[in-house]
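An overview of the molecular structure
Read off the chains here:
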Amino acid sequence: MNGGSNSYLHKETIMQDIKAILKERAVGASLTVKGWVRTKRDTKNAIFLELNDGSCFANLQCVFDNNAMDDALRQAMESVSTGAAVAVSGSLVDSPAAGQPVELKASGLEIYGESPADAYPLQKKSHSFEFLREIAHLRPRTNTFGAVARVRHQMAFAVHSFFEERGFNYVHTPLITASDCEGAGEMFQVTTLDLDGIAKRGEAVDYGKDFFGKPAYLSVSGQLNVETYCMALGKVYTFGPTFRAENSNTPRHLAEFWMIEPEMAFAELPEDMALAEDFIKHLLGWALDKCGEDLAFFDKRVQPGLMAMLEAVRSSPFAHMSYTDAVKELEKHADAFEFKPYWGCDLQTEHERYLTETVIKGPLIVTDYPKDLKAFYMRQNDDGKTVRAMDVLVPRIGEIIGGSEREYRYDLLVKAMLDKKLKPEDYWWYLDLRRYGSAPHSGFGLGFERLMRYVTGMENIRDVIPFPRAPKQADF
RNA sequence: UCCCCUGUAGCUCAGUUGGCAGAGCAAGUGGCUGUUAACCACUGGGUCCGUGGUUCAAAUCCGCGCGGGGGAGCCA
């Protein structure tokens, strides 16, 4: 554990991560800590190294006696600077100074990797998120992005725990699809054809020679596929990457993002909405319970009031409003909008924000949208005008969930396809679900990174995923 | 894709009517100090995004290109 022959570590110490050390506070214990130097401060009598090993937000302060270092240790210390990877051994003591309850009274030091101070991009100061985005390989070493990474892990884990507790099966839907009919946005094409060569030779593209024998794409949604397993296992969900080739350049869109799509057999829209509300509350509650230290940082430095907001959402019922009522509400305040609301209009961002931030001041579920605004597979209401869709809107983020009860009646589904200029034969296997044992079912999609924006308070979606992909942006 | 803003030291930014390139932080050196966004002094540090133009003179004005941010649309 102690490394090479030039080690100045004490050999008989216990290796622990900083999270455990700060939790247990075993004063008197001999310890070895391995991590990265966040800051180094010299004084006459002591040298302070603050170490972070990623296990938690907090650093461990290691204190070396500046008057009791031999030449070898002093020389090693000379080459330690912000960013260096080191191991420090010593004994845990109560800290005589304010700022930390315990600290490591250090005597051993080993350097694994230096980090030249005149070149290392991360300084002992705050950096803009825009700058850090350009060094995405180093930004997880900062307070903010370390916290984002830990929260992201916990949220992914919470997704699975939520569905596991409720008897859902996790289904892996394909990322590559050869059907050009998912209808949820522009798709990335996948090919093994030599496009350069074909272009140089001036030939026409023959997809019969492509890998799949026809054009193939990255999936924009797992929903249609997961419905097949829903009609067999009852309660299912997907959680995986999703790809949209839209040329959208906003703080809330990515070309590659992660989406969670549950689907419940025999469930109608009210159960779907209840699931969505429980899901959001489970996730926010999990974050509050498991990531308090990280959230406290976001609350202090990124989004003041964040934790109180999350607590409030967790403990109060979501508001409900039909699309028709929402438009009536908006029409009362038509002067406030650039786009005047009317029945049949798509709700603009300004409309959604007004509803959640001004009218409701919290999460709002809007239901029963005009059928012309929504996808073909949504269950049609008896009024002939609306479908059983529901969008969960939250302040600051806007739409975080989009879902619906699905149309399970064969004839009505085919008619909806034709109305939207889709070819039923392209959806033959999807239609089979309505021919053999069709049943009411409902589901929704939650954008994982939008959830992350909501939970952390981070404004830009590119800062809540490790390596964001967006138009003209695929570095790292 | 459209609209607006923006690009100057490692980072964040200032730079007046077009007239010798600046500050804070970071880095280096020294000092002080159980420090904790440490403090004090000194030092080094520039393709002013690129390109073309206007001008005696361009970081500054104009055209084009590229990058970044915000808003809109698409949506999760």
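Scroll up for the structure.
What you are looking at is a predicted structure, and each value in this text was computed from that prediction instead of being measured. (Residues numbered from 1 in each chain as written. Chains lettered and ligands numbered in written order. Predicted model: local features only at pLDDT ≥ 70, side-chain atom pairs only at ≥ 80, totals over all residues. Heavy atoms only, no water.)

Notes on the overall build of chain A
For chain A, the count of helices and strands is 14 helices and 17 strands. Judged by the C-alpha coordinates and their principal axes, chain A covers about 85 × 60 × 45 Å. Buried positions account for 51% of the 476 residues belonging to chain A. Partitioning the contacts of chain A with sequence separation of at least 6, the portion at a separation of at least 24 is 67%. Surface summary for chain A: the accessible area is close to 22800 Å², and the carbon and sulfur share equals 52%. Computed over 55 positive and 68 negative side-chain charges, the inter-centroid distance for chain A is 2 Å. (Helix = DSSP H or I, 4+ residues; strand = E, 2+ residues; numbered from the N terminus. Buried < 20%, exposed > 50% of the residue type's maximum accessible area, 1.4 Å probe, protein only. Contact = heavy atoms within 4.5 Å. Areas by Shrake-Rupley, 256 points an atom, 1.4 Å probe, with all protein chains shown as cover. Lys, Arg positive; Asp, Glu negative; His and termini not counted. Charge placed at Lys NZ, Arg CZ, Asp CG, Glu CD.)

Here we look at the pattern of salt bridges
According to the stated counting rule, one finds 22 salt bridges in the structure shown. Put simply, Glu-329 and Lys-332 hold a salt bridge, and the shortest N to O gap is 3.3 Å. The class of Lys-332 is exposed, set by a relative accessible area of 61%. Salt-bridge contacts for Glu-405 lead to Arg-379; the nearest nitrogen and oxygen are separated by 3.0 Å. Linking Glu-405 in strand S16 (residues 398–405) with Arg-379 in the loop between strand S14 (364–370) and strand S15 (386–394), this pair joins segments that are 26 residues apart in sequence. By relative accessible area, Glu-405 is classed as buried at 0%. Among the charged side chains, a salt-bridge network with shared partners connects Glu-227, Glu-263, Arg-406 and Arg-434. (Salt bridge = Lys/Arg side-chain N within 4 Å of Asp/Glu carboxyl O.)

Focus on the sheet that holds strand S10 (residues 216–218)
An order of S8-S10-S9 is seen for the three strands of this open sheet, with the pairing classed as antiparallel. The sheet terminates laterally at strand S8 (176–177) and strand S9 (189–190), the two strands that pair on one side only. (Pairing = 2+ DSSP bridges.)

Some remarks on the nonpolar core
Nonpolar side chains in soluble globular proteins tend to be buried together. One finds Met-155 and Leu-295 to be the most contacted residues of the largest nonpolar core, which totals 61 residues. Ranked by residue count, the leading element in this core is helix H7 (residues 269–290), at eleven residues. Once residues within four sequence positions are removed from consideration, Leu-295 is found in contact with Val-151, Ala-287, Leu-288, Leu-306, Met-307, Leu-310 and Val-455. (Core = buried A, V, L, I, M, F, W, Y, C linked by side-chain atoms within 4.5 Å.)

Some thoughts on the protein's contact with RNA strand B
With respect to spatial proximity, 50 residues lie near RNA strand B, and among them Ala-98, Arg-133, Thr-250, His-253 and Arg-450 are the closest. What you see for RNA strand B is that sugar and phosphate hold 49% of its atoms within 4 Å of the protein. Side-chain polar atom of His-253 to a base nitrogen of RNA strand B: 2.7 Å apart, as the coordinates give it. A distance of 3.5 Å is found between a sugar or linking oxygen of RNA strand B and a backbone nitrogen or oxygen belonging to Gly-447. When residues of the surface near RNA strand B are traced back to their parent elements, those giving at least two are strand S2 (30–42), strand S3 (46–52), strand S4 (60–65), helix H3 (129–134), strand S12 (256–265), S16 and strand S17 (441–447). In terms of residue class, the surface near RNA strand B is built from 13 nonpolar, 19 polar and 18 charged. (Near = heavy atom within 4 Å. Polar contact = N/O pair within 3.5 Å; in protein donor to acceptor, adjacent residues only side chain to side chain. Nonpolar A, V, L, I, M, F, W, Y, C, P; charged D, E, K, R; others polar.)

Brief notes about the sheet that holds strand S13 (residues 319–322)
With mixed pairing, the eight strands of this open sheet are ordered in space as S7-S11-S12-S17-S16-S15-S14-S13. Because the sheet does not close on itself, it has two edges, and the strands there are strand S7 (169–170) and S13. Relative to S17, S16 is paired through five bridges, and the arrangement is antiparallel. Bridge pairing in S17 places Glu-405 opposite Ser-442. In the packing of helix H14 (residues 448–456) onto the sheet, the strands contacted are strand S11 (235–243), S12, S15, S16 and S17, and the crossing angle to S17 comes to about 60°. (Axes fitted to C-alpha atoms, helices over the stretch in contact; angles between N-to-C directions.)

Focus on the pairing of strand S6 (residues 102–113)
Sheet topology places S4 next to S6; three bridges connect them, and they run parallel. Bridged to Cys-62 within S6 is Leu-104. Judged from the ten bridges that link them, strand S5 (residues 85–94) and S6 form a sheet pairing that is antiparallel. Residue Ser-89 lies in a different strand from S6, and its bridge partner there is Gly-108.

Concerning helix H2 (residues 71–78)
Burial in H2 covers these residues: Leu-73, Ala-76 and Met-77. All buried residues of H2 lie within an arc of 100° about the axis, which places them on one face of the element. Structural note: H2 exposes Asp-71, Gln-75 and Glu-78 on the side pointing more than 90 degrees away from its buried face. The residue sitting at the N-terminus of H2 and contributing the capping side-chain oxygen is Asp-70; that oxygen lies 3.2 Å from the backbone nitrogen of Ala-72. (Arc of directions from axis to C-beta.)

So, to be careful, I would describe these as geometric facts and stop short of saying anything about function.
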